[in-house]
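Chain and residue survey
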Number of protein chains: 2
Amino acid sequence: MKIIVDAFGGDNAPLEVLKGCERAVSELDVNIVLTGHEKKIKSCAKKNEISLDGIEIVHTPEVFDIHEEPKEIMKSGKNTSMAVGLKLLADGKGDAFVSAGSTGALVMGATFIVKRLKGIKRVAPSPVLPADKGSFVLTDAGANTECRPEMLVQFAVMGSAYMEKVMGVKNPKVALLNIGAEETKGRELETEAYKLLEKSGLNFIGNIEARDMPKGECHVVVTDGFTGNIALKLYEGMGSLFGKKMKWIYSGIGKVGAMFSIGKIKKFRKQMDYKEVGGSALLGVKKPVIKAHGNSDSIAFFNAIRQAKKCVETDISGVIEKYAEKTAEISKELNRIGQN
Amino acid sequence: MKIIVDAFGGDNAPLEVLKGCERAVSELDVNIVLTGHEKKIKSCAKKNEISLDGIEIVHTPEVFDIHEEPKEIMKSGKNTSMAVGLKLLADGKGDAFVSAGSTGALVMGATFIVKRLKGIKRVAPSPVLPADKGSFVLTDAGANTECRPEMLVQFAVMGSAYMEKVMGVKNPKVALLNIGAEETKGRELETEAYKLLEKSGLNFIGNIEARDMPKGECHVVVTDGFTGNIALKLYEGMGSLFGKKMKWIYSGIGKVGAMFSIGKIKKFRKQMDYKEVGGSALLGVKKPVIKAHGNSDSIAFFNAIRQAKKCVETDISGVIEKYAEKTAEISKELNRIGQN
């Protein structure tokens, strides 16, 4: 299996990318295709004694600027490490693509270079977030700020397939992010999506309020990309704040106290660490595309590559296409019954 | 000063309400008008040895059911402790109203019984949330799920007035909750509101991403009621999860370890405790209405009453009306210039 990796995406590129790739080659039985400036990659590898065995480099002179308009990935950015990686994936030169670059550009490129699956209206970045009990996928976490109800149903279908196949959750529980438990709550988007989700054939358990998200009582949290992005970033922000505060509590004499709970502290940290999960799958694309966190380190890159491998092995794209077809059939059938 | 308090709002009514009122009378130099079932109040006070000195009871036979449709506060719910309290406030029988009952009903009742301030389009529940540095008001936190840009500007005006007058922050920094820092980010609501906020005369510092909210780098976070409610509840939910995890870390042998950091742990807990702030002010109403948290204890009720008192003392309603007038004038002026 060949995983294409953008060597110049994220804050810690290319060093941490290279380290992650080296480990992936040695532990995951994959080959890597790295896109990026060849000389820079080789010099970084040499300087840091990173082996490039099993790693092929495709030279690209440029890097996609994080502040650039996403649509430029198709135009002025077409020679960047991200755009070239996506093109290689589309051309069958690899099985999946991992990048820690601009989410917007990656979504745009995945949509127009790798292309959407048949019947899928929008690509949705879908990170798996840690919770008190297990974890859940949040979809859409930022791409589609304005959604129609049927798009939310597709996100639910894709998230459900992902949790089942890639994360190994049987019959994943799907919930709609909303401001109350009752089905009449929320905007028209939510009340309409609620009705469609009830008929979708998914394991839909109703609305979930944001305060219950961290408990982990469902496996798929569905929402539009604006709300999803707010939720995702607040999740991260609260996590950072508490991480910072725990460090402060355990500083000075607190260090001694921490020793009494060191096992629990480590366990909790590991449980809440996004790096453990890998990245955010861009669901709805013909081939797996993984967005790694912007400040990924080598562990996060390694896990993102592992995640990409799992997506290939489980043929998540094919599964989503079938799920989407089935849901479309159910919808048609319901419409037919409704009209008679 | 007379603060009207709904004796039967919230999960811990009437006991915790009564305790909070008793303390408020003794420490805050206020009188209390309690609305609710007189016999039940008196028997609860007697049983728990709570003094009713300085507390007047206005008997109301019913309690507004939290699951009832909010609009029923005007109809079938008009004899409830909440509706009667709002009516007393509207009639000048008290200076402010505190209730831990249904937010929806309280917003509806505040809007149609106490009535909105001149020029204010919507009432916005606006809780003050704890942050790493200080605190900030989130407005709207749940009432208006669909907003127009000019409504967000009014929320900003009201939040700014509140932070300045009631919370004592000089020239409060106002930010728009959005999915990116650039002014082109977000939905049409955000891009249009951004332009208006820039011209508002407020201390507008631009967009804030959700991950930066807990840092406390601004004093007013403006958003629509749907997004605000998601953010508020996730804030609470993450807080609960971390609270639970800290308890777990400090259980068993961890108790010994906790002793080394006990001062810091207590300080952090207090900093993050919503009970310390009081409740959520319903901004835009002619007279102060405070929504206390549904599971408020006596400390939270005491603080909500203190907050109500501060709202009266600073004439926050009058100030908001003047601010709103001024902003409307600026808008008109800008329109005039734009048209010439």
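If you're wondering where the values come from, they're calculated on a predicted model, not measured in any experiment.

The subject of this paragraph is the overall build of chain A. A count of helical and extended segments in chain A gives 11 helices and 11 strands. A compact globule built from 340 residues would reach a C-alpha radius of gyration of about 20 Å, and chain A, at 21 Å, matches this within 12%. C-alpha atoms of chain A, sized along the principal axes, occupy 70 × 55 × 35 Å. Counting across all 340 residues of chain A, residues that qualify as buried make up 56%. Put simply, of all contacts in chain A between residues at least 6 apart along the chain, 71% involve residues at least 24 apart. Summing over all exposed atoms, chain A offers an accessible surface of approximately 14500 Å²; the carbon and sulfur share of this is 50%. Between the centroid of the 50 positive side chains of chain A and the centroid of its 42 negative side chains there is a distance of 3 Å.

For the rest of this paragraph, the subject is the packing of helix H7 (residues 225–249) of chain A against helix H9 (residues 262–272) of chain B. Interaxial distance between H7(A) and H9(B) falls to 10 Å at its minimum, and their mutual angle equals 155°. Relative to H9(B), H7(A) is oriented roughly antiparallel. Along this stretch, H7(A) crosses H9(B), giving a crossing that reads as right-handed. Between H7(A) and H9(B), the contacting residues are Leu241(A), Phe242(A), Lys245(A), Trp248(A) and Ile249(A) on the first element and Lys264(B), Ile265(B), Lys267(B), Phe268(B), Gln271(B) and Met272(B) on the second. When grouped by side-chain class, the residues that make up the contact of H7(A) with H9(B) number 7 nonpolar, 1 polar and 3 charged.

Residue and element names in this part refer to chain A. Across the 6 residues that make up strand S2 (residues 31–36), a large majority, 5, are buried. Read as a crossover between parallel neighbours, the route from strand S1 (residues 2–6) over helix H1 (residues 15–28) to S2 is right-handed. In the sheet, S2 pairs with strand S3 (residues 55–59) via 5 bridges, with the strands oriented parallel. Residue pairing in the sheet places Gly 36 in a bridge with His 59 of S3.

The interface of chain A with chain B comprises 50 residues on the first partner and 50 residues on the second. Of the roughly 4900 Å² buried where chain A meets chain B, counting both sides, 71% is carbon and sulfur surface. Applying the counting criterion to the chain A and chain B interface returns 8 salt bridges. Residue Lys233(A) is joined to Glu209(B) by a salt bridge in which the shortest nitrogen-to-oxygen separation is 2.3 Å. In this structure, the connection of chain A to chain B is made through 19 residue pairs in polar contact (both at pLDDT 80 or more).

This part is about the relation of the copies chain A and chain B. Under the fitted operation, chain A is carried onto chain B by 0.0 Å of movement along the axis and a turn of 180°, and the coordinates agree to an RMSD of 0.0 Å. What we have between these two chains is a two-fold relation. Looking at the rotation axis and the C-alpha trace of chain A, the residue lying nearest is Gly257(A), at 1.8 Å. When the interface residues of chain A are mapped onto chain B, 100% of them again fall at the interface, so both copies present the same face.

A word on the environment of Lys173(B). Residue and element names in this part refer to chain B. Of note, Lys 173 is situated in strand S7 (residues 173–178). With a relative accessible area of 35%, Lys 173 lands in the partly exposed category. It is 8.8 Å that separates the C-alpha atoms of Lys 173 and Val 221, two residues lying 48 residues apart in sequence. Residue contacts for Lys 173: discarding those within four places in its chain leaves Asn 203, Ile 205, Glu 217, Cys 218, His 219 and Val 220.

On to H9(B), then. Residue and element names in this part refer to chain B. For H9, every residue scored as buried is listed here: Ile 265, Phe 268 and Met 272. One face of H9 carries all of its buried residues, which in axial projection span an arc of 70°. Turned more than 90 degrees from where H9 packs its buried face, Lys 266, Lys 267 and Lys 270 sit exposed.

Residue and element names in this part refer to chain B. If you trace the 11 strands from one edge of the open sheet to the other, you get S3-S2-S1-S4-S11-S10-S5-S6-S9-S7-S8, paired in mixed fashion. Strand pairing shows two members of the sheet lacking a second neighbour, strand S3 (55–59) and strand S8 (203–209), which therefore form its edges. In this sheet, neighbouring strand axes are inclined to one another by 25° on average, regardless of whether the strands run parallel or antiparallel. As paired elements, S7 and strand S9 (residues 220–222) share 3 bridges and run parallel to each other. Directly across from Ala 175, in S9, lies its bridge partner Val 221.

So, on to the sheet that holds strand S5 (residues 124–130) of chain A. Residues and elements named next belong to chain A. With mixed pairing, the 11 strands of this open sheet are ordered in space as S3-S2-S1-S4-S11-S10-S5-S6-S9-S7-S8. A strand with exactly one partner marks an edge of an open sheet, and here the two such strands are S3 and strand S8 (203–209). Between one strand axis and the next, the sheet turns by 25° as a mean value, whatever way the strands run. Docked against the sheet, helix H4 (residues 103–115) engages strand S4 (96–99), S5, strand S10 (280–283) and strand S11 (289–291), running at close to 175° with respect to S11. With respect to the sheet, helix H6 (residues 188–198) is in contact with strand S7 (173–178) and S8, its orientation differing from that of S7 by roughly 170°.

Our next topic: the pairing of strand S10 (residues 280–283) of chain B. Residues and elements named next belong to chain B. Judged by which residues are buried, S10 turns out to be covered on both faces: Ser 280 and Leu 282 on one side and Ala 281 and Leu 283 on the other are all buried. Where strand S5 (residues 124–130) meets S10, 4 bridges bridge the pair, whose relative direction is antiparallel. Opposite Ala 124, over in S10, you have Leu 283 as the bridge partner. Relative to strand S11 (residues 289–291), S10 runs antiparallel, the two sharing 2 bridges.

With that settled, consider the pattern of salt bridges. Considering all chains together, one arrives at 32 salt bridges over all chains under this definition. The residue Lys245(B) makes a salt bridge to Asp132(A) at a minimum N-O spacing of 3.0 Å. Highlighted residues: Lys245(B) in helix H7 (residues 225–249) and Asp132(A) in the loop between S5 and strand S6 (135–139), drawn from two different chains. Judged on exposure class, the residue Lys245(B) and its partner Asp132(A) are both buried. What emerges from the salt-bridge pattern is a single network uniting Glu209(A), Arg211(A), Lys233(B) and Glu236(B).

It is worth spelling out a nonpolar patch on the surface at this point. On the surface, Ile253(A), Val256(A), Met259(A), Phe260(A), Ile253(B), Val256(B), Met259(B) and Phe260(B) cluster together to form a nonpolar patch covering roughly 750 Å² of accessible area. Relative to the assigned elements, Phe260(A) resides in the loop between helix H8 (254–258) and helix H9 (262–272).

Before going further, it helps to spend a moment on the packing of helix H3 (residues 81–90) of chain B against helix H4 (residues 103–115) of chain B. All names here are of chain B. Remark: H3 packs on H4, axes separated minimally by 9 Å, with the N-to-C direction vectors making an angle of 30°. Judged by the angle between their axes, H3 and H4 are roughly parallel. Here the hand of the crossing between H3 and H4 comes out right-handed. Taking contact as the criterion, the partners of Met 82, Ala 83, Leu 86, Lys 87, Leu 89 and Ala 90 in H3 are, on H4, Ala 105, Leu 106, Gly 109, Ala 110, Ile 113 and Val 114.

What counts, and where the lines are drawn
Residues numbered from 1 in each chain as written. Chains lettered and ligands numbered in written order. Predicted model: local features only at pLDDT ≥ 70, side-chain atom pairs only at ≥ 80, totals over all residues. Heavy atoms only, no water. Helix = DSSP H or I, 4+ residues; strand = E, 2+ residues; numbered from the N terminus. Rg over C-alpha atoms; globule rule 2.2 N^0.38 Å. Buried < 20%, exposed > 50% of the residue type's maximum accessible area, 1.4 Å probe, protein only. Contact = heavy atoms within 4.5 Å. Areas by Shrake-Rupley, 256 points an atom, 1.4 Å probe, with all protein chains shown as cover. Lys, Arg positive; Asp, Glu negative; His and termini not counted. Charge placed at Lys NZ, Arg CZ, Asp CG, Glu CD. Axes fitted to C-alpha atoms, helices over the stretch in contact; angles between N-to-C directions. Parallel < 35°, antiparallel > 145°, perpendicular 65-115°, else oblique. Left-handed = near helix turned anticlockwise from the far one by under 90°. Nonpolar A, V, L, I, M, F, W, Y, C, P; charged D, E, K, R; others polar. Right-handed = clockwise from strand over helix to strand, strands pointing away. Pairing = 2+ DSSP bridges. Buried area = accessible area lost by both parts, 1.4 Å probe. Salt bridge = Lys/Arg side-chain N within 4 Å of Asp/Glu carboxyl O. Polar contact = N/O pair within 3.5 Å; in protein donor to acceptor, adjacent residues only side chain to side chain. Least-squares fit on C-alpha atoms with pLDDT ≥ 70 in both. Arc of directions from axis to C-beta. Patch = residues over 30% accessible without salt bridge, like charges linked within 9 Å, V, L, I, M, F, W, Y side chains within 5 Å.

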